[in-house]
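Tertiary structure, described
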Amino acid sequence: CVGAGIATLTSATYAGHDLVNSQNVSSLTKEASEETEAFQTISVEVRVAGTLGNELLKKVSQWSYVKELIVTGELNQSDMKIFSRLTELIKLDLSGTNITTIGGCDGLIKLSQVILPSTVTIVESYAFQGCCSLTSVNLPNAIILEEFSFEGCISLTSIDIPKVEEIGYSTFENCVKLSKIDLAN
């Protein structure tokens, strides 16, 4: 995982560089502050499957402003492709949706919490691949975990999959902290 961005800039940070002066640093600090304030929790109701992207853009001007996302309603595969665009996403709550499969979260390095509905029975290939901040997942009715679905989730410590019947190739590869897999009761 790549570390977080620069939190504070001062003139001392770039002392001795000709192109940086206190006015430039002040401007950069102001821009960074405005971007930080833009991060927000967004709640979206998707009444028609396939419209998550449109619904999000009604609420934010940039995908990167979404830090926490709560989605309710009807979702389909094209909606799930939107998740990977939300590069600053930390928390994803899909508990109010009708999904039976989950995918599209691959590469979200800041994603640490996912709340899924109990209707999820399939975790698609590469669904959470590279989500290196994700610490735990609860999938009480998942039957299938497809290949590489959690590969590279280096912070994952536990997963609850009591009904799982099939675990694909390299599903937990490089999950170096995974110490608890809760299978059938």
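Bear in mind the structure is a predicted one, so any value in this text is a computation, not a measurement.

Reading guide: rules and limits
- Residues numbered from 1 in each chain as written.
- Predicted model: local features only at pLDDT ≥ 70, side-chain atom pairs only at ≥ 80, totals over all residues.
- Heavy atoms only, no water.
- Helix = DSSP H or I, 4+ residues; strand = E, 2+ residues; numbered from the N terminus.
- Buried < 20%, exposed > 50% of the residue type's maximum accessible area, 1.4 Å probe, protein only.
- Contact = heavy atoms within 4.5 Å.
- Areas by Shrake-Rupley, 256 points an atom, 1.4 Å probe, with all protein chains shown as cover.
- Polar contact = N/O pair within 3.5 Å; in protein donor to acceptor, adjacent residues only side chain to side chain.

**Quick notes on the overall build of the chain**
The helix and strand tally for the chain stands at 3 helices and 11 strands. Out of the 185 residues in the chain, the part that is buried amounts to 36%. Long-range contacts, defined here as pairs at least 24 residues apart, represent 24% of the contacts in the chain between residues at least 6 apart. Surface accessibility of the chain: about 10000 Å² in total, with carbon and sulfur atoms responsible for 49%.

**Side note on the side chain of Ser149**
Mapped onto the fold, Ser149 is located in the loop between β8 (144–145) and β9 (158–160). A polar contact is formed between the side chain of Ser149 and the backbone oxygen of Glu146, at a distance of 2.9 Å. Residue contacts for Ser149: discarding those within four places in its chain leaves Val123, Glu124, Tyr126, Ala127, Phe128, Gln129 and Thr171.

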